[in-house]
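Here are the chains, one letter per residue:
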Amino acid sequence: MKRRKFIGTSAAASVGLVACKTTNAMAPPASESVKLKENIHHSVCRWCYKDIPMEDFLKSLNELGIKAMDLTGPEDWPLMKKYGIHASMCWGAGFGIEKGWNDLSLHEELIADYSQHIPKVAAAGYTNLICFSGNRNGMDDAEGLKNCAEGLKKIMPIAEKHGVVLQMELLNSKVNHPDYMCDTSAWGVELCKAIGSEHFKLLYDIYHMQIMEGDIIRNIQDYHQYFGHYHTGGNPGRNEINDTQELFYPAIMKAILATGFEGYVAQEFIPTWDDQIAALKEGVTICDV
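As named in an unreviewed UniProt entry, the chain is Hydroxypyruvate isomerase, taken from Zobellia amurskyensis.

Below is the structure:
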C-alpha cells in the first residue's frame, strides 16, 4: 500500500487550487441545526478539511447530520466507526493519480495491492474503493483503455466475491491533473463497457467534468448507470458551491435523484471561509433537495 505517495499525488495536488476567500456569501452559523431531507446521502472528502483534527471533524459531521466520509483508509476507520460515520469511498491501494491501470508494467503490483485491499474494505463493512487510470505519457487513449480493462478484469472476481465496487475517478486534465487519461465521461463509459461488471463504476466528479465537457445534467441522465458516486466542487476554483461560481447544484442534485441513484454525494470543495464547518454546512444545505 502506497498511502503516503497516494496522498502526495492526489489530495496534495488538488490543495494547490485554493482561491481567494469569498466575500459575498454567508452561511448560517454552524451551530444552528439543519433538518436534512435525507433524499441525498451526504458525504464529505476528508482531505478538504485536513487542518481540523479528525475527532473534532467527526463530531462536527454528527452535528451536521452528515453520515459518511470519503477518501479514508484503514487507519481512519476505527475512529469513524466510533462516531457512526461510514467510509463511502475508500482509498489506500495503488500508486495515486499519475500511475495507474493504463500502464501494463504496473499491473502485477496493482493486482497484488488491490487483491489485498479489497478484502479489508469488505471486512470493515464498506463497498467503494477508488482507482485511477494514470497519465497518458504519450500513450494513445484506445491503448490505455485496453490496458486498463485487461488489468481490472483480473481483479473483478475478487471485487465481486467481496461485494466491493472499484470506482475510477473522472478528473480534468486541463487545469489540475495534466495528462490524466480518464478525463471524459465517454472514455470512462467505454471502459465500463469493456470490463462488463457491476463491480466497476465511475466516480463522477462534477467539478472536473464541468471543466472538461460541461453538459453535466445531460451526461448524468445519459450515463448514470455507469456512475457509482459523485463529488462536488465550485467552478472555477474548486471552492464553495454557492452563487460565487457557475454550477447550479440544486438542479444537478435533482437530476441525480431522478435517475434513482441511492449512493453518496460527497462535498469535495476547498473551503475558503474562516469557519470551514459553516462552509461545509452551506454546501450540504444547497445539495439537500
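That was the structure; now back to the text.
*Asks:* Just give me the short version of the pairing of strand β2 (residues 68-72), but keep the residues and values in it.
*Replies:* Taken across its five residues, β2 has five buried, putting it largely inside the fold. As paired strands, β2 and strand β3 (residues 86-90) are joined by four bridges and run parallel to one another. Bridging from a neighbouring strand, Thr-72 pairs with Cys-90 of β3. The parallel pair β2 and β3, bridged by helix α4 (residues 77-82), forms a crossover whose chirality is right-handed.

*Asks:* An account of the packing of aromatic side chains is requested, with residue identities and associated values reported.
*Replies:* Taken as a whole and judged by the stated rule, the model has seven aromatic pairs. Residues Trp-101 and Tyr-114 carry aromatic rings whose centres are separated by 5.5 Å and whose planes lie at 55° to one another, so their mutual orientation is tilted. On the criterion of sequence distance, the pair formed by Trp-101 in the loop between β3 and α5 (107-123) and Tyr-114 in helix α5 is long-range, its members being 13 residues apart. No difference in accessibility class separates Trp-101 from Tyr-114, as the two residues are buried. Between Tyr-204 and Phe-227, the ring centres sit 4.4 Å apart and the planes meet at 25°, which makes this aromatic pair stacked. On the criterion of sequence distance, the pair formed by Tyr-204 in strand β6 (residues 200-205) and Phe-227 in strand β7 (residues 227-231) is long-range, its members being 23 residues apart. Look at Phe-227 and you get buried, because its relative accessible area is 3%. By way of ring pairs, the aromatic residues Tyr-204, Phe-227, Tyr-230 and Phe-261 are connected into one cluster. When the ring centre of Phe-95 is taken as reference, the NZ or CZ atom of Lys-99 above it lies at 5.1 Å.

*Asks:* Tell me about the packing of helix α10 (residues 216-223) against helix α11 (residues 249-258), residues and numbers included.
*Replies:* Interhelical geometry of α10 versus α11 gives an angle of 10° and a closest axis separation of 9 Å. The angle between α10 and α11 places the two elements in the roughly parallel class. Residues Ile-216, Ile-217 and Ile-220 of α10 form the contact with α11, whose own contacting residues are Ala-251, Ile-252, Ala-255 and Ile-256. Its residues assigned to classes, the contact of α10 with α11 shows seven nonpolar, no polar and no charged.

*Asks:* Account for unusual backbone geometry, with residues named and values stated.
*Replies:* Of the consecutive residues Asn-235 and Pro-236, the connecting peptide bond is found in the cis state with omega at 0°. Looking at the secondary structure, you find Pro-236 in the loop between β7 and α11. Unusually for a residue other than glycine, Arg-238 sits at a positive phi of about 55°.

*Asks:* Which residues make up the nonpolar core, and what values go with them?
*Replies:* Grouped together as the largest cluster of nonpolar side chains are 91 residues, with contacts concentrated most on Leu-166, Met-168 and Phe-200. A per-element tally of this core places helix α12 (residues 276-287) first, with seven residues. When neighbours within four sequence positions are excluded, Leu-166 is seen to be in contact with Tyr-114, Ile-118, Leu-129, Cys-131, Ile-155, Met-156, Ala-159, His-199, Phe-200 and Lys-201.

*Asks:* Account for the packing of helix α6 (residues 141-153) against helix α8 (residues 185-195), with residues named and values stated.
*Replies:* The N-to-C vectors of α6 and α8 enclose an angle of 40°; their axes lie 9 Å apart at closest approach. Here α6 lies oblique to α8, going by the angle between them. Once α6 is placed against α8, the crossing between them reads as right-handed. Residues Asp-141, Gly-144, Leu-145, Cys-148, Ala-149, Leu-152 and Lys-153 of α6 pack against Trp-187, Glu-190, Leu-191, Ala-194 and Ile-195 of α8. Here the residues of the contact of α6 with α8 are counted per class, giving eight nonpolar, one polar and three charged.

Parameters at a glance
- Residues numbered from 1 in each chain as written.
- Predicted model: local features only at pLDDT ≥ 70, side-chain atom pairs only at ≥ 80, totals over all residues.
- Heavy atoms only, no water.
- Buried < 20%, exposed > 50% of the residue type's maximum accessible area, 1.4 Å probe, protein only.
- Helix = DSSP H or I, 4+ residues; strand = E, 2+ residues; numbered from the N terminus.
- Pairing = 2+ DSSP bridges.
- Right-handed = clockwise from strand over helix to strand, strands pointing away.
- Phe/Tyr/Trp six-rings, centres within 6.5 Å; stacked < 30°, edge-to-face > 60°.
- Lys NZ or Arg CZ within 6 Å of the ring centre and 35° of its normal.
- Axes fitted to C-alpha atoms, helices over the stretch in contact; angles between N-to-C directions.
- Parallel < 35°, antiparallel > 145°, perpendicular 65-115°, else oblique.
- Contact = heavy atoms within 4.5 Å.
- Nonpolar A, V, L, I, M, F, W, Y, C, P; charged D, E, K, R; others polar.
- Core = buried A, V, L, I, M, F, W, Y, C linked by side-chain atoms within 4.5 Å.
- Left-handed = near helix turned anticlockwise from the far one by under 90°.

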